[in-house]
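# Structure at a glance
Residues per chain are reported as follows:
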Amino acid sequence: MNGDEQREMLRLVELEYARTTKFIEGSVGITTSVRGWAITVWAALIGVSFTQRLWALALLAAITILSFAVVDAYQSSLYAQALLRARTLERITAKHFDALARGKDNPRFIAEADAALASNKYGFYSNLQAFRWRDLFHLRYRIFLVAYGTLALVAVICALLVLVIPAPTIPTPSPTASSSAGP
Amino acid sequence: MTTSSAAPGGGSGSPIALSLFDRVSDYAEALETGTADIGKPLTDATPIVVFCQNFFAQLFQNVLNAPIRSIDARAKEQAATIRQQKSDDASAPLRRLLAVFEELCDEWQDVRGLSYVWYRHRALDEFHATLLPDLFEAITSWANAVDHQDLAQRSALAEAAYKKGLMALSARLAKA
């Protein structure tokens, strides 16, 4: 590949890198928002289930939190893929950097930089893989599973507590007391 | 970095202890027998880590008289400075060796398992398949250029043993 071709390919890599980092920024914003909403909705449902003595609401909180977990896992899967892609693109530019810095002393760096550039599968969205359910059990999502799982378990325990523990009785004023207080 | 010995070894006048290449043989054997897993980060006890750390510590101390005893960004900067100062044709094999060291400094974090787990596999793969064979070639080439035949011979033998170990590992993985 000649110098012009190499420059143009590197420009395209930089363009893809810019798209990828923009996607990562958006993905981080979405996951932060999803997690914020998950906690808020979960806490609100648990709170109302206790105050209104409605065990079904606590159970709904458990179902809701699991739904948020799936959305979070999906977004995290996209984020992880984007991060991997960004590092792959960084590696291509790093190899080009190595070729410029040390290629004169070790031709392998030039060969590797050319190979990395030529073999790059261009396109961020073309490199995205579909979400698979087994992704949920991948190592990097375990912390989400533990966090969301704990919240779901707490919600189920709350539902049982609301169901089992009797509602506290509020003392009502007796009719005799009110009549004796009259004229 | 822990250096076993920075003194010239083997009584052959070699600036690098020749016994250090035994670590390469140990690692090659571990690859061949399957006791080493190239998918897992390397530790201080991994023979190839001991080799890399000590080889470059001895090279910098005994050949270049430079106080570089680590494999990190600072060491890379110092090595790059030395490489750029040695611009004569006779230093070309040494410059090649220093260029590999600089690459090793870049890869070291990944190789030692300090990067993202899902990215580490690629780095470890490149370290084993590309960087190490190139390192042995560069050592042999430099040793021949400075007329340390014993060192060149040991390096060539270590390279052959390592490649054999790597091939055995690939064959075993392909079978599995």
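Here, the structure is the one placed above.
What comes next concerns the included structure. (Residues numbered from 1 in each chain as written. Chains lettered and ligands numbered in written order. Predicted model: local features only at pLDDT ≥ 70, side-chain atom pairs only at ≥ 80, totals over all residues. Heavy atoms only, no water.)

## What to know about the overall build of chain B
Applied cut-off: Secondary structure is summarised from DSSP: a helix means a run of H or I of at least four residues, a strand means a run of E of at least two, and numbering begins at the N terminus for each. It is over C-alpha atoms that the radius of gyration is taken, and the globule rule equals 2.2 Å times the number of residues to the power 0.38. Residues count as neighbours in contact if any of their non-hydrogen atoms are within 4.5 Å of one another.
Counting secondary structure elements, chain B contains six helices and zero strands. From first element to last, N terminus to C terminus, chain B shows the α and β order α-α-α-α-α-α. Whereas a compact globule of 176 residues would reach a radius of gyration of roughly 16 Å, chain B reaches 16 Å, a difference of no more than 12%. Across chain B, the fraction of contacts at a sequence separation of at least 24, relative to all contacts at a separation of at least 6, is 69%.

## Notes on the nonpolar core
We apply this condition: In this description, a nonpolar core means a group of buried Ala, Val, Leu, Ile, Met, Phe, Trp, Tyr and Cys residues linked to one another through side-chain atoms lying within 4.5 Å. Only protein chains enter the accessibility calculation, which uses a 1.4 Å probe; a residue is then buried when its area is under 20% of its type maximum, exposed when over 50%, and partly exposed in between.
In this structure, Ile48, Phe51, Phe55 and Phe60 of chain B are the most contacted members of the largest nonpolar core, which totals 51 residues. Elements represented by at least two residues in this core include exactly helix H1 (21-33), helix H2 (47-63), helix H3 (73-85), helix H4 (92-111), helix H5 (117-145) and helix H6 (149-175) of chain B. Contacts of phenylalanine 60 of chain B, omitting those with residues within four sequence positions, involve Asn65, Ala66, Ile68, Ala79, Ile82, Leu98 and Phe101 of chain B. Ala38, Ala58, Ala69 and Leu151 of chain A belong to the second-largest nonpolar core, a separate cluster that totals 19 residues.

## Topic: the interface of chain A and chain B
Cut-off, in case you're wondering: Summed over both partners, the accessible area lost on bringing two parts together, with a 1.4 Å probe, is the buried area. The salt bridge criterion pairs a side-chain nitrogen of Lys or Arg with a carboxyl oxygen of Asp or Glu, the two atoms within 4 Å. Contacts described as polar in this section are N or O atom pairs within 3.5 Å, which, within protein, must combine one atom able to donate a hydrogen with one able to accept it, while residues neighboring in sequence count only if both atoms come from side chains.
Between chain A and chain B, the contact holds 17 residues from the first and 21 residues from the second. Here chain A meets chain B over a buried area of about 1800 Å², counting both sides, of which 47% is carbon and sulfur. For the pair chain A and chain B, the number of links is ten salt bridges. Of the charged contacts, one joins aspartate 110 of chain B and arginine 87 of chain A as a salt bridge, the two residues approaching to 3.9 Å between their closest N and O atoms. Summed over the shared surface of chain A and chain B, the result is twelve residue pairs in polar contact (both at pLDDT 80 or more).

## Notes on helix H3 (residues 107-118) of chain A
Residue and element names in this part refer to chain A. Threshold: Helices are assigned an expected span. That span is 1.5 Å times one less than the residue count. What the arc measures is the spread of directions leading from the helix axis to the C-beta atoms.
In a regular helix each residue adds 1.5 Å, so twelve residues correspond to 16 Å; H3 covers 17 Å between its end C-alpha atoms and thus fits that length. When H3 is considered as a whole, its buried residues turn out to be Arg108, Phe109, Glu112, Ala113, Ala116 and Leu117. Angular distribution of buried residues about the axis of H3 spans 160°; they occupy a single face of the element. Along H3, exposed side chains directed more than 90 degrees from the buried face belong to Pro107 and Ala118.

## Things to note about unusual backbone geometry
Positioned with a positive phi, arginine 53 of chain A is a non-glycine residue whose angle comes to about 60°. We classify arginine 53 of chain A as partly exposed; its relative accessible area is 30%. The residue aspartate 147 of chain B is not glycine, and still its phi comes out positive at about 60°. Its place among the elements puts aspartate 147 of chain B in the loop between H5 and H6. According to the relative accessible area criterion, aspartate 147 of chain B is exposed, its value standing at 57%.

## Concerning the pattern of salt bridges
Enumeration according to the criterion identifies 27 salt bridges over all chains in this entry. Between arginine 7 of chain A and aspartate 4 of chain A there is a salt bridge, with the nearest N and O atoms lying 2.8 Å from each other. A residue pair is termed a helical-turn pair when its members lie 3 or 4 positions apart in one helix, as arginine 7 of chain A and aspartate 4 of chain A do in helix H1 (residues 3-51) at three residues. One network of salt bridges, in which partners are shared, links Arg91, Lys95, Arg108 and Glu112 of chain A together with Arg96, Glu103, Glu107, Glu126, Asp134, Glu137, Glu159 and Lys163 of chain B.

## With respect to the packing of H1 of chain A against helix H4 (residues 142-164) of chain A
All names here are of chain A. As a reminder of what qualifies: Every axis corresponds to a line fitted to the C-alpha atoms, with the helix fit spanning only the stretch in contact, and the corresponding angles, defined between N-to-C directions, vary from 0 to 180 degrees. Between 65 and 115 degrees an angle is taken as roughly perpendicular, under 35 as roughly parallel, over 145 as roughly antiparallel, and anywhere else as oblique. In the scheme used here, Gly and all other residues not listed as nonpolar or charged are polar, with Ala, Val, Leu, Ile, Met, Phe, Trp, Tyr, Cys and Pro taken as nonpolar and Asp, Glu, Lys and Arg as charged.
At a closest axis distance of 10 Å, the pairing of H1 and H4 adopts a crossing angle of 10°. Judged by the angle between their axes, H1 and H4 are roughly parallel. Contacts between H1 and H4 involve Val34, Arg35, Ala38, Ile39, Trp42, Ile46, Ser49 and Phe50 on the former and, on the latter, Phe144, Tyr148, Leu151, Val154, Ala155, Cys158, Leu161 and Val162. The residue makeup of the contact of H1 with H4, split by class, is 14 nonpolar, one polar and one charged.

## With respect to the side chain of threonine 140 of chain B
Note that threonine 140 of chain B resides in helix H5. Sequence-distant contacts of threonine 140 of chain B, defined by excluding residues within four places in its chain, comprise Ala152, Ser155, Ala156 and Glu159 of chain B.

## Focus on the environment of leucine 59 of chain B
All names here are of chain B. Residue placement: leucine 59 occurs in helix H2. Overall, the relative accessible area of 0% leaves leucine 59 in the buried class. Setting aside residues up to four positions removed in sequence, leucine 59 forms contacts with Ile16, Leu64, Leu94, Leu97 and Trp142.

## Description of the environment of proline 47 of chain B
Residue and element names in this part refer to chain B. Structurally, proline 47 is set in helix H2. Considered as a pair, proline 47 and threonine 81 are 34 residues apart in the sequence and their alpha carbons are 29 Å apart. Apart from residues no more than four positions distant in its own chain, proline 47 is found in contact with Arg23, Asp26 and Tyr27.

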